[in-house]
Amino acid sequence: MEMNELTQEELNNQKQTDLFEAYYSKTMEETERLDFEQQLQSDAELLKQYELHVSVMEAIQRKGMRKDLQKIVAPKVISFHPIMKYVAAASVLLFVIGGTGFIRDGVVMQNYGVEQLVGIDVSASRGSSYETDFSLIHSSISNKDFATAQTAITELRTKLQNDADANKAETNEEIKHYNTQLFQQSTDKLDWYQTILYMDSKQTLKARRWLRKIANSESLYRNEAEYIYEELLW
Amino acid sequence: MTDSEYVEGFLNNDERIIGDFYRKYQGKFKGYFRNHFSKSPEALDDLFQDSCVTVWQNVRLAKYSPSQGSSLETYLFAVGKYRMMAADRKYKEMATDLDLQNMDLVDSSAESVEQRLDTIEKIVRDFPSPCSDILIMHYWKEYSGEQIAEQMGFANTDTVKTKKYKCMQRLKNKILEMFA
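Heads up: these notes are all about the structure in this document. (Residues numbered from 1 in each chain as written. Chains lettered and ligands numbered in written order. Predicted model: local features only at pLDDT ≥ 70, side-chain atom pairs only at ≥ 80, totals over all residues. Heavy atoms only, no water.)

### Remarks on the overall build of chain B
Counting its regular elements, chain B contains nine helices and zero strands. Of the regular secondary structure in chain B, the N- to C-terminal order runs α-α-α-α-α-α-α-α-α. Buried positions account for 47% of the 180 residues belonging to chain B. Across chain B, contacts joining residues at least 24 apart in sequence account for 56% of those joining residues at least 6 apart. Looking at chain B as shown, the accessible area adds up to about 9100 Å², and 47% of this sits on carbon and sulfur atoms. (Helix = DSSP H or I, 4+ residues; strand = E, 2+ residues; numbered from the N terminus. Buried < 20%, exposed > 50% of the residue type's maximum accessible area, 1.4 Å probe, protein only. Contact = heavy atoms within 4.5 Å. Areas by Shrake-Rupley, 256 points an atom, 1.4 Å probe, with all protein chains shown as cover.)

Below you can see the structure in the form of C-alpha cells.
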C-alpha cells in the first residue's frame, strides 16, 4: 500500500466524516437525515465524535476568516501621487475663490477628532509618569483649549525624548526593553493626540499630513488614521 | 451602512463591506475595552479581530440575524465581553450580563464546554502548514479537490482526499490528547 493510501479502518472513518459533514451542511436526503438524527440521539459516543468534528471544522473556518480579515484591513502605503501637487494647487485656488471645500473638510475633520477623542484611553500603562501629561492634553482638547493642549504636547514630546536618551544608559536589559516599549507606545499616543488636536481645531492641512504619516507607520493608531485619511481623500 | 447591508456583506464574504464594518467599530470597541478592562494594545487588537470573526461566522451560521432584536453593534460588544469572560476567569461575573444571556452567548452551567472550545481554538490556531492550509482551503474557502491539488502541487484529487483526512486526524488526535 502506498504511503498516501488509506487503510480500511481509515476509509470507514472517512465515510463517517462524510456523513457528519453532509448532516452539518443539510445536504442529506430527508429519510437519511432522520435516520442519522436518531443515531445521534441514541449513541452518545457518535454524538461526541460529531460534536468534536463540528467544533474543529468551525475553528478551522475561523482561522481562515481571521487570515482573510487581516489581509482586508492591513494598512496600505498611501503615497503622495505626483498628480496630487496639481490637485493641491487647484485646491488653493478654490480656497481663494470660495474655500467651501476646506471649510467642509474642517467640519468633517472636527467630527472625526471629537469621535476619536471619545474612544482614546487616557491612562498610560503600568503607572507611568506620563499619565498626568496625557490627562492634561485630553482635558484641554475636550475643553477646546487648544493652546494649552499644544503646549502640553510639545512639553511631553521633549520629556519623552529626554527619557528615551537617558534609557540608552540603562544597564538592566529587561527594564531597558520595557522602557523602550513604553516610550514607543506613549509616542504613538502623543502623535495621535496631536492629530486629533489638528482635526478638532480644523487645521486641515496639518491634520492630513499627520494622518498620512501615522497611517504609513507602525503606530498603534495606524488603522484609525488610514480610515479617516481615506474617507477624507474623496 | 445598515445592519442588513453588513449582514448581506458577511453572507457574501464581501471584503469591502467587511473592511468597512471593521473600521467603523474599531475605535469605539477598543476604547470601551481599554477603559473598562485595561488591556494592552496587542490584546485589544486580538480581541477585536476575534470578535469580528465570531460575528462574521455567526451571521453565516444563522446564529445571529437582525430580526433577533439586537443591533450588530450590540452583538459585537456582547461577543467581545463573552470572549473576555472565556479568556479570563476573573471576568466570570459577566455571566450575569443580560446581553450575553439574551443572545445565548453564555451558559454558566457549561463552563467545561467553554473550556473545551477554548482549547480546540488554541490548538487549531497553532496547527502548522501545510496541513492547516489544506484544511482551510477545504472547510473555509470550499475549494474543490482539483483546486487544492493545483494550489498544493499534489498529483491528483485522491492525494488531496488522503492528505485532508490525515491532517484532520492529526489535528483531532492533538485535541484528544489535551482532553485525556
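Here the narrative resumes, following the displayed structure.
### What to know about the interface of chain A and chain B
Each partner contributes residues to the interface: chain A has 38 residues there, and chain B has 49 residues. Here chain A is connected to chain B by seven salt bridges. Linking D50 of chain B and R66 of chain A is a salt bridge whose minimum nitrogen-to-oxygen distance equals 2.9 Å. One can count 17 residue pairs in polar contact (both at pLDDT 80 or more) joining chain A with chain B. Contributing elements (two or more residues each) for the side of chain A that touches chain B: α1 (8-24), α3 (44-73) and α10 (222-233) of chain A. Here the side of chain A that touches chain B is composed, by residue class, of 15 nonpolar, twelve polar and eleven charged. (Salt bridge = Lys/Arg side-chain N within 4 Å of Asp/Glu carboxyl O. Polar contact = N/O pair within 3.5 Å; in protein donor to acceptor, adjacent residues only side chain to side chain. Nonpolar A, V, L, I, M, F, W, Y, C, P; charged D, E, K, R; others polar.)

### Overview of the pattern of salt bridges
For side chains of opposite charge, pairing can occur when their charged atoms come near one another. Overall, the coordinates contain 17 salt bridges over all chains when judged by the stated rule. Linking E121 of chain B and R66 of chain A is a salt bridge whose minimum nitrogen-to-oxygen distance equals 3.1 Å. Of this pair, E121 of chain B sits in helix α6 (residues 111-126) while R66 of chain A is found in helix α3, placing the two residues in two different chains. Exposure remark for E121 of chain B: the relative accessible area of 8% places this residue in the buried category. Here K30 of chain B and D45 of chain B are joined by a salt bridge, their closest N and O atoms 2.5 Å apart. Of the two residues, K30 of chain B sits in helix α2 (residues 15-37) while D45 of chain B sits in helix α3 (residues 41-60), which places them 15 residues apart along the sequence. On the basis of relative accessible area, D45 of chain B is assigned to the partly exposed category, the value being 28%.

### Some thoughts on the environment of K176 of chain A
All names here are of chain A. Following the sequence through the fold, K176 ends up in helix α8 (residues 173-200). When the C-alpha atoms of K176 and A164 are compared, they prove to be 9.5 Å apart, with twelve residues separating the residues in sequence. The residues contacting K176, other than those within four sequence positions of it, are N167, K168 and E170.

### A word on the packing of aromatic side chains
One pass over the structure, following the stated rule, counts 22 aromatic pairs over all chains. Within the aromatic cluster, the residues linked to one another by ring pairs are Y22, F29, Y32, F33, F37, F48 and F77 of chain B. For K189 of chain A, the ring lying beneath its charged end belongs to F134 of chain A, and the centroid distance is 5.0 Å. Cation over ring: K213 of chain A sits above W210 of chain A, and NZ or CZ is 3.9 Å from the ring centre. (Phe/Tyr/Trp six-rings, centres within 6.5 Å; stacked < 30°, edge-to-face > 60°. Lys NZ or Arg CZ within 6 Å of the ring centre and 35° of its normal.)

### Notes on the packing of α1 of chain A against α3 of chain A
Residue and element names in this part refer to chain A. Two numbers describe how α1 lies on α3: the axes approach to 10 Å, and their chain directions differ by 70°. As the angle between them shows, α1 and α3 are arranged roughly perpendicular. For the crossing formed where α1 meets α3, the hand is right-handed. Where α1 approaches α3, its residues Q16, T17, F20, E21, Y23 and Y24 are matched on the opposing element by L46, Q49, Y50, H53, V54, M57, E58 and Q61. (Axes fitted to C-alpha atoms, helices over the stretch in contact; angles between N-to-C directions. Parallel < 35°, antiparallel > 145°, perpendicular 65-115°, else oblique. Left-handed = near helix turned anticlockwise from the far one by under 90°.)

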